[in-house]
Amino acid sequence: MQKRKRRFLEKGQNLMMLRTLRLEKAKKAEQQKELTINNALTKCKLTSSEVVPDIDNLLKNNTIGNLVESLGHGNRNKIRANAADALAHIASGSSEHSNLIAKAGAVPRLIRLIQSTDLEVSEMGILCLGNLLHFAPNLRDFMITNGVVQKLISIIQAKSTCTLMLSHVTWVIRKLCISSPTSRPDNVDEIAQALNVLLYNPEDKILEDALMAVRNLAHENETIPMLLDLGVVPRIIYLLEHPNVLVQNAALQALINIASGTEEQIQELLNNNLLPHLSALMSKSDLDIRCHVLRILQNVADGNTFQRQAIMNAGLLHKILECLKGEAIPLKSAAALTISTLVIDKDKNLLYYLMRQGVIPELCNLLLSQETDIIYNVLDMLSTMLDVDPSFLAEVSGIIEWSGALNNIRMLQSNEQEEIAVVARKIISSYFHDKPDIATKF
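Each value, and the rule that gives it
Residues numbered from 1 in each chain as written. Predicted model: local features only at pLDDT ≥ 70, side-chain atom pairs only at ≥ 80, totals over all residues. Heavy atoms only, no water. Helix = DSSP H or I, 4+ residues; strand = E, 2+ residues; numbered from the N terminus. Contact = heavy atoms within 4.5 Å. Areas by Shrake-Rupley, 256 points an atom, 1.4 Å probe, with all protein chains shown as cover. UniProt positions renumbered as here; feature names shortened; annotations may be inferred. Axes fitted to C-alpha atoms, helices over the stretch in contact; angles between N-to-C directions. Parallel < 35°, antiparallel > 145°, perpendicular 65-115°, else oblique. Left-handed = near helix turned anticlockwise from the far one by under 90°. Salt bridge = Lys/Arg side-chain N within 4 Å of Asp/Glu carboxyl O. Buried < 20%, exposed > 50% of the residue type's maximum accessible area, 1.4 Å probe, protein only. Expected span 1.5 Å × (residues − 1). Polar contact = N/O pair within 3.5 Å; in protein donor to acceptor, adjacent residues only side chain to side chain. Nonpolar A, V, L, I, M, F, W, Y, C, P; charged D, E, K, R; others polar. Disulfide = S-S within 2.5 Å. Core = buried A, V, L, I, M, F, W, Y, C linked by side-chain atoms within 4.5 Å. Domains from an automatic or database assignment.

J.: Looking at this model, I keep getting lost on the overall build of the protein chain. Mind explaining?
T.: The helix and strand inventory of the protein chain stands at 27 helices and zero strands. Taking the intrachain contacts of the protein chain between residues at least 6 apart in sequence as the baseline, contacts between residues at least 24 apart amount to 70%. Counting every atom, the protein chain has about 22300 Å² of accessible surface; 51% of that belongs to carbon and sulfur.

J.: Would you explain the UniProt feature "repeat: ARM" (unreviewed entry) in the protein chain in this entry?
T.: As recorded in UniProt, the sites labelled "repeat: ARM" (unreviewed entry) are residues 105-132. With 79% helix and 0% strand, residues 105-132 has its two end C-alpha atoms placed 13 Å apart.

J.: I tried to follow the packing of helix α5 (residues 95-103) against helix α7 (residues 119-135) on my own but got confused; where do I start?
T.: In a pair of packed helices, the angle between the axes and the distance between the axes together describe the arrangement. One can describe the packing of α5 onto α7 by two numbers: an axis separation of 8 Å at closest approach and a directional angle of 130 degrees. Considering their axes alone, α5 and α7 lie oblique with respect to each other. As α5 runs across α7, the sense of the crossing is left-handed. For the pair α5 and α7, the contacting residues are S95, S98 and I101 in the first and N131, L132 and F135 in the second.

J.: How should the pattern of salt bridges be read in this particular structure?
T.: In this structure the tally under the stated criterion is ten salt bridges. Here R174 makes a salt bridge to D209, at a shortest N to O gap of 2.6 Å. Of this pair, R174 sits in helix α10 (residues 163-176) while D209 sits in helix α12 (residues 204-218), and the two are 35 residues apart along the sequence. Given the relative accessible area of 0%, D209 is considered buried. Put simply, K332 and E362 hold a salt bridge, and the shortest N to O gap is 2.7 Å. Here K332 is found in helix α21 (residues 329-342), whereas its partner E362 is found in helix α23 (residues 359-365), with 30 residues between them in sequence.

J.: I tried to follow helix α15 (residues 245-258) on my own but got confused; where do I start?
T.: Residues lying three or four places apart along an α-helix face the same way, a consequence of the helix completing one turn every 3.6 residues. The first and last C-alpha atoms of α15 sit 20 Å apart over 14 residues, in line with the 20 Å expected at 1.5 Å per residue. The buried fraction of α15 is high, at twelve of 14 residues. Of all the residues in α15, the buried ones are V247, Q248, N249, A250, A251, L252, Q253, A254, L255, I256, N257 and I258. Buried positions along α15 lie against α12, α13 (224-230), α14 (232-238), α16 (263-271), α17 (274-281) and α18 (287-301). Looking at where α15 begins, the residue whose side-chain oxygen comes 2.8 Å from the main-chain nitrogen of L246 is N244.

J.: Would you mind going over the environment of E371 with me for this structure?
T.: Mapped onto the elements of the fold, E371 is located in the loop between α23 and α24 (372-387). A relative accessible area of 40% means that E371 is categorised as partly exposed. Distance from E371 to S333, taken between C-alpha atoms, is 8.9 Å for residues 38 residues apart in sequence.

J.: Would you take a moment to explain the packing of α18 against α21 for this structure?
T.: Following both chains from N to C, one finds α18 and α21 inclined at 15 degrees, their axes separated by 9 Å at the closest point. The angle between the axes of α18 and α21 places the two elements in the roughly parallel class. Here the hand of the crossing between α18 and α21 comes out left-handed. Across from L287, R290, C291, L294, L297, Q298 and A301 in α18, the residues of α21 making contact are P330, L331, A334, A335, L337, T338, T341 and L342. Tallied by class, residues from the contact of α18 with α21 come to eleven nonpolar, three polar and one charged.

J.: Explanation requested: unusual backbone geometry in the structure shown.
T.: Most peptide bonds are trans, and most residues other than glycine sit at a negative phi. With phi around 60 degrees, N273 is a residue other than glycine that occupies positive phi space. Of note, the phi angle at K346 is positive, near 55 degrees, even though the residue is not glycine. Tracing the backbone shows K346 in the loop between α21 and α22 (348-356). Overall, the relative accessible area of 44% leaves K346 in the partly exposed class.

J.: Explain the state of the cysteines to me, please; I cannot follow it from the model alone.
T.: Each disulfide is one covalent bond, formed between the sulfur atoms of two cysteines. The final tally for this structure, using the stated rule, is zero disulfides. Free of any disulfide, C291 has its nearest neighbouring cysteine sulfur in C323, separated by 7.7 Å. Residue classification places C291 among the buried positions, given a relative accessible area of 13%.

J.: For this particular structure, what's the right way to read the environment of D189?
T.: With respect to the secondary-structure elements, D189 resides in helix α11 (residues 188-198). With a relative accessible area of 38%, D189 lands in the partly exposed category. C-alpha separation for the pair D189 and T223, spaced 34 residues apart in sequence, amounts to 8.7 Å.

J.: I keep staring at the nonpolar core and nothing clicks. Help me out?
T.: Soluble globular proteins tend to pack their nonpolar side chains together in the buried interior. Ranked by size, the top nonpolar core spans 145 residues in total, and within it V148, L195, I236, L379, L382 and I400 carry the most contacts. For this core, the element with the most residues is α12, which contributes nine residues. Viewed by domain, this core spans two of them, domain 1 (27-146) and domain 2 (346-433), each represented by three or more residues. Each residue touching I236, except ones within four places of it in the same chain, is listed here: L199, L211, V214, A251, A254, L255 and I258.

J.: Quick question: what am I supposed to make of the side chain of Q253 here?
T.: Relative to the assigned elements, Q253 resides in helix α15. If near-sequence neighbours (up to four positions away) are discounted, Q253 is found in contact with M212, R215 and H292.

J.: Please clarify how the environment of V232 should be interpreted in this entry.
T.: Residue placement: V232 occurs in helix α14. On the basis of relative accessibility, which here comes to 1%, the residue V232 falls in the buried class. Once the C-alpha coordinates of V232 and L195 are considered, the two residues, 37 residues apart in sequence, prove to be 8.9 Å apart. Once residues within four sequence positions are removed from consideration, V232 is found in contact with N196, L199 and L227.

So, in structure tokens, the structure goes:
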């Protein structure tokens, strides 16, 4: 009896010891895992913008693999959040870093983190996905296939979502909407509906990212009708009056792409009083704002005769001319492109008005531009002014000679861009063939 009792006690002690050893082993493994994550996190946070985590060392030490494994359900929330944070820092190294993280199986696990009840875990998962998308846009379709859009939309729809989390989600959606070389997102209609909700959020950063997401979607012409049907245009135009310049800029960029659509889609913008808002913005001192406005006007002018006339009726022509006569080259170039589109109908009255406003010397100065589309459009406009009416010929040709642009046009006859060379040769042969080169006269 005593022997049996002793064996029983010894067996119990052995089981307790075994259990203790297992607990200690698990604790050490947990501590080692935390140490691995903390070391990776510290290393990544200490690297500067010039020094990125070394890929060879990451592979040699299996750092990425350990961090990805730490995202799993079996780990404490603090470990999962720190692992996602560390991976986000590594992803910022380069596209290669981001693709290595994805190859290690991080994407599905990060997407699962989004719906964690722990706010920090969810936040770090979203931020890591955003970094992966930012540095490796090729991962977009893979993320969408793994259900990232539905997870993000559920956060937008949840009434309990805090502003910070909503800001992170909007930033990731903005990245998801960037055009892919292969295709647009399959669930673009769901994304667009979510953006329509975000456009009414009071936070500036959320508005900016939501507008940039709309801009990205509207880059594909086939998505423009869907955006119009959702009714986003009136809201975007309203946001042109927003006090934050970044929001205004984002709204303008969205409208640039929407205005690149069909004549019917352009008319939808005009029906929502776009032009009066643009006229007000042309008085702003911000260079980017005015350049964006001119790009929208160029797209509108590319529509039909009535839409070009609407720009004139809104009193925008003199503001365009002010930009052409300004000193900022980007503004002058944008104004020249807009004017070249406005004169496409070769309206004599308009061309005569432009001549009286001193447009020709300003256009001639732009022949020294490095941008081929600017040079081509300026030459095309000068050719139109020379050709449209014989009564204009002497005055226009005289201004071109007086401004010193004739030599520039001669040199452009041998430009490597054939379309530029053709227009330059036409101008010289048709209107200046008997004029000697000023540089060789003496």
